[in-house]
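# Topology and contacts: notes
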Amino acid sequence: MKSGIIFLSLLSFLPFVIPICPVPCKCATNIIDCTSKGLTVAKLPVAFRPSAEIIHLGYNRLTSIPNGLFDNLKSLQVVYLQGNPWECNCDILYLRSWLQWQQNRTLYRDVRCASPAHLQDRIIAYLTEDEIISTCQYWYCSLALLSQLCLFILLFLQGILVIFIIVYLQKFRRMTAEARSTTRELHQHVDTWESSRTPYNSD
């Protein structure tokens, strides 16, 4: 009885252990066909069934492949990747590394960069690591330059604020001094007026 319950429990977990055909792809025994499905990196399946031998990902909107997506597919023979707008920046490093490990790179001669401009139409499998890293460094340099510009603007605004506060405080001190002087003069006039009235009062 207990063994039957355990067996049924294991069966309930099978859908999680053995991935079904990912939506919106079509699947045969060892083939997963996701051709022309409008897939982006965000819409790619998290994993493919381990028995997959052929995967079609051509003619979608893929710009890169998530790290490790093909690593556990021991039976995998070929992945069709042509017709995608590959962006050859830092995110393409995994795909480039995976392609370089393939025995027959000629199958992937149509997997080419769509951007950036200086790498356009280059075969990804034959890109050097320095060529890709240079685009990463350019991106980081641009970000650093933008950060420095924002910091300069922030410091400039802070400087203007400090100057405004200093001018306001000086003006406030001047007004306070003038108010005190006016009050003092008023008191003096009152004292003079009272002292001038004293003889008349004594009469």
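What counts as what
- Residues numbered from 1 in each chain as written.
- Predicted model: local features only at pLDDT ≥ 70, side-chain atom pairs only at ≥ 80, totals over all residues.
- Heavy atoms only, no water.
- pLDDT = per-residue confidence, 0-100.
- Contact = heavy atoms within 4.5 Å.
- Pairing = 2+ DSSP bridges.
- Helix = DSSP H or I, 4+ residues; strand = E, 2+ residues; numbered from the N terminus.
- 1 Å grid on protein atoms, 1.4 Å probe; cavity = no way out; pocket = protein on both sides within 12 Å on 5 of 7 lines; lining within 4 Å.
- Points joined across faces, edges and corners; volume = space filled by probe spheres on them.
- Nonpolar A, V, L, I, M, F, W, Y, C, P; charged D, E, K, R; others polar.
- Salt bridge = Lys/Arg side-chain N within 4 Å of Asp/Glu carboxyl O.
- Core = buried A, V, L, I, M, F, W, Y, C linked by side-chain atoms within 4.5 Å.
- Buried < 20%, exposed > 50% of the residue type's maximum accessible area, 1.4 Å probe, protein only.

## Brief notes about the confidence of the model for the protein
A residue-level look at the protein finds 79% of positions with pLDDT of 70 or above and a mean pLDDT of 82. With pLDDT under 50 throughout, residues 4–18 is counted as low confidence; its partners more than four residues away or in other chains account for 0 contacts.

## Section: the sheet that holds strand β1 (residues 26–27)
In any sheet, the strands associate via hydrogen bonds between backbone groups, in a parallel or an antiparallel arrangement. Judged by pairing direction, the sheet is mixed, and its 4 strands sit side by side in the order β1-β2-β3-β4 without closing on themselves. Each edge of the open sheet carries a strand with a single partner, namely β1 and β4 (78–80). Where strand β2 (residues 31–33) and strand β3 (residues 54–56) come together, 3 bridges link them in parallel fashion. Across the sheet, Ile 31 pairs through a bridge with Ile 54, a residue of β3.

## Considering the layout of surface pockets
Space inside the largest pocket adds up to approximately 220 Å³. Around the largest pocket, the lining residues are Phe 70, Asp 71, Leu 73, Lys 74, Leu 76, Gln 77, Trp 98, Gln 102, Gln 103, Asn 104, Leu 107 and Tyr 108. Of the residues assigned to the lining of the largest pocket, the class counts are 6 nonpolar, 4 polar and 2 charged.

## Section: unusual backbone geometry
As a rule of thumb, non-glycine residues mostly have phi less than zero, and peptide bonds are mostly trans rather than cis. Note that the residue after Val 23, namely Pro 24, is joined by a cis bond; omega there is 5 degrees. Of the consecutive residues Ser 115 and Pro 116, the connecting peptide bond is found in the cis state with omega at 0 degrees. Of note, Pro 116 is situated in the loop between β6 (113–115) and α3 (129–202). Residues other than glycine seldom take positive phi values, yet Tyr 59 does so here, at roughly 60 degrees. Of note, Tyr 59 is situated in the loop between β3 and β4. Within the chain, Asp 121 stands out as a residue other than glycine whose phi angle is a positive 70 degrees. Examined against the element boundaries, Asp 121 turns out to sit in the loop between β6 and α3.

## Remarks on the pattern of salt bridges
Taken as a whole and assessed by the stated rule, the structure comprises 1 salt bridge. Between Arg 122 and Glu 131 there is a salt bridge; the shortest N-O distance is 3.0 Å.

## A look at the nonpolar core
Counting 34 residues, the largest nonpolar core has Leu 57, Ile 65, Phe 70, Leu 81 and Leu 95 as its most contacted members. Taken together, the elements giving at least two residues each to this core come down to β4 and α2 (93–100). If one sorts the elements of this core by residue count, α2 sits on top with 4 residues. Excluding residues within four positions of it along the chain, Phe 70 makes contact with Phe 48, Leu 57, Ile 65, Leu 76, Val 79, Tyr 94 and Trp 98.

## Focus: the side chain of Ser 64
As for its placement among the helices and strands, Ser 64 is situated in the loop between β3 and β4. With relative accessibility at 9%, the residue Ser 64 sits in the buried group. In this structure Ser 64 touches Val 41, Leu 44, Trp 86, Asp 91 and Ile 92, once residues within four positions along its chain are discounted.

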